[in-house]
Every structure is written in C-alpha cells, then in structure tokens.
Amino acid sequence: MNILAIGAHFDDVELGCGGALARHAANGDTVYVYVATVSGFSNQYDQSVRSSQVARAEADAAMEILGVHKMFCGEFKTLQIEFVDPLNIEILKLVQDLKIDMVYTHWVGDIHHDHLALSRASLHSCRHVPRLLMYRSNWYHSTVDFRGNFYVDITAHWDQKERAILAHESEMERTGRKWVSFFRNEAENAGQRIGVKYAEVFEVVKWLQP
C-alpha cells in the first residue's frame, strides 16, 4: 500500500501521525510525506525564529527515523498557504504519480491558517483516494470538536515517534520539549480507550474496505 502524509510544516506529520507512519513502514507499506512550506519563520518583531535550512535538516533526520521512503517539499511560505489551484495541483500530481492508496492530512477544524488551508486542499485533491484520515498536530482550541473515531496502536512505535519529534531540536529548544509530554499524554489517553499503551486517533473522512 502506498501512503501519503500531508503536512503544512516540517514537524506536523511527526506530531500528528508519526507513530502510524512508522507502523506502516514496518509493515512493508511505502510511506511518502509532502510538506507544503519551507517552514522557516520569524516572530512578531521580524526576528528569525527558525531558518528553513535548519527546519529541512531536522525533518530529513525525522523522516529517516520513521522509515519514510521519500519526502517531497513545496515552496510555499510559512503562514501564507492558501486554498488555491497551485497547491491543489501539487497534491493531485503526487497522488496520481505515486498511486496513493491512503492519505493522512490536517484536521479541517484546525484554526492554524496553514493547517486549515492544506486540509481543504487535501479534501479536494484526494477526493479519489479510497482512504483519508485527518490528524491533529497542535493543542489549539477550535470552535468545533475533533471527532476522533479511528485508532491506531502505536505502542511498538512510540519510541520512533518521540525520537522523530526530538529530531526537531530548534523547536524543542523553543518549546522546552512540551511537545513530547503533550503528545505522549495524548497517546496514553487514546491507548487507554482501546486497551493498549499508546495509540494515535484520527477522524475518518472516508474508508473504503477492499
């Protein structure tokens, strides 16, 4: 099976579906990742917080940890993704050229500007992909509820997910490693609901059972 995980920034798929991707790779599936932005960004005072070069190098390390076959990188600027045809076409080409069977993408209720635009583009461009799941990659509040209704046991792959998150050293320094503790708690809580140690939970858009 050919898997495509779609993220707005380097680190999104690691946080949102890194365990599931590692599990796919371990099971023999071919895992691809598409990241839409260059991922460098500055703060409100126009001071560089993370360079695009550093973000890419950290992502390369994370992809290797998860067993990703290949990562494709867009050139959209961070915080400037829009639901426009160039983005739709870029995703559609990947879906068709790679013969994708299953997609993981951002949750359509995410309030982050880039995440929401990419989710909408995914729903449009992946309309013929038989399986589509949405993930959360932050802790922002929204006005709608994430309807997590699809669980993946990642107990055997939590270590890979954690190491992939930690590979983003620049963000770990900025956030004080809060990402790791937050997503570990999320995985533990999801795991308790289904009787395993660690799990990731997704919202199903569609699932065609062959």
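Everything below is about the structure printed above this text.
Residues numbered from 1 in each chain as written. Predicted model: local features only at pLDDT ≥ 70, side-chain atom pairs only at ≥ 80, totals over all residues. Heavy atoms only, no water.

**A word on the overall build of the protein**
Okay, step 1: A count of helical and extended segments in the protein gives seven helices and nine strands.
Okay, step 2: Taken over C-alpha atoms, the radius of gyration comes to 16 Å for the protein, in line with the 17 Å a tight globule of 210 residues would show.
Okay, step 3: In terms of its C-alpha atoms, the protein occupies a principal-axis envelope of roughly 50 × 35 × 35 Å.
Okay, step 4: A burial count over the protein gives 51% of its 210 residues as buried.
Okay, step 5: Sequence separation of at least 24 residues holds for 80% of the intrachain contacts in the protein that already meet a minimum separation of 6.
Okay, step 6: Accessible area of the protein: about 10,300 Å², with a carbon and sulfur share of 48%.
Okay, step 7: Each charge sign in the protein was given a centre, from 21 positive and 27 negative side chains, and these centres are 4 Å apart. (Helix = DSSP H or I, 4+ residues; strand = E, 2+ residues; numbered from the N terminus. Rg over C-alpha atoms; globule rule 2.2 N^0.38 Å. Buried < 20%, exposed > 50% of the residue type's maximum accessible area, 1.4 Å probe, protein only. Contact = heavy atoms within 4.5 Å. Areas by Shrake-Rupley, 256 points an atom, 1.4 Å probe, with all protein chains shown as cover. Lys, Arg positive; Asp, Glu negative; His and termini not counted. Charge placed at Lys NZ, Arg CZ, Asp CG, Glu CD.)

**Here's the deal with the packing of helix α3 (residues 85–97) against helix α4 (residues 113–125)**
Okay, step 1: At a closest axis distance of 9 Å, the pairing of α3 and α4 adopts a crossing angle of 55 degrees. Between α3 and α4, the crossing angle belongs to the class labelled oblique. Along this stretch, α3 crosses α4, giving a crossing that reads as right-handed. Together, Leu87, Asn88, Ile91 and Leu92 of α3 and Ala117, Leu118, Ala121, Ser122, His124 and Ser125 of α4 make up the contact between the two elements.
Okay, step 2: Its residues placed into classes, the contact of α3 with α4 shows six nonpolar, four polar and no charged. (Axes fitted to C-alpha atoms, helices over the stretch in contact; angles between N-to-C directions. Parallel < 35°, antiparallel > 145°, perpendicular 65-115°, else oblique. Left-handed = near helix turned anticlockwise from the far one by under 90°. Nonpolar A, V, L, I, M, F, W, Y, C, P; charged D, E, K, R; others polar.)

**So, the packing of aromatic side chains**
Okay, step 1: Tallied over the full model, the rule gives seven aromatic pairs.
Okay, step 2: Centre to centre, the rings of Phe150 and Trp207 are 4.7 Å apart; their planes meet at 35 degrees, and the pair counts as tilted. Here Phe150 is found in strand β8 (residues 150–153), whereas its partner Trp207 is found in strand β9 (residues 199–207), with 57 residues between them in sequence.
Okay, step 3: For Phe150, a relative accessible area of 22% corresponds to the partly exposed category.
Okay, step 4: In this structure Trp207 comes out as partly exposed when scored by relative accessible area, which is 31%. (Phe/Tyr/Trp six-rings, centres within 6.5 Å; stacked < 30°, edge-to-face > 60°.)

**As for the environment of Met134**
Okay, step 1: Residue position: Met134 is located in strand β7 (residues 131–135).
Okay, step 2: Separated by 27 residues in the primary sequence, Met134 and Trp107 place their C-alpha atoms 4.7 Å from one another.
Okay, step 3: Dropping the residues within four chain positions of it, Met134 is found in contact with Thr105, His106, Trp107, Val108, Ser119, Phe146, Phe202, Glu203 and Val205.

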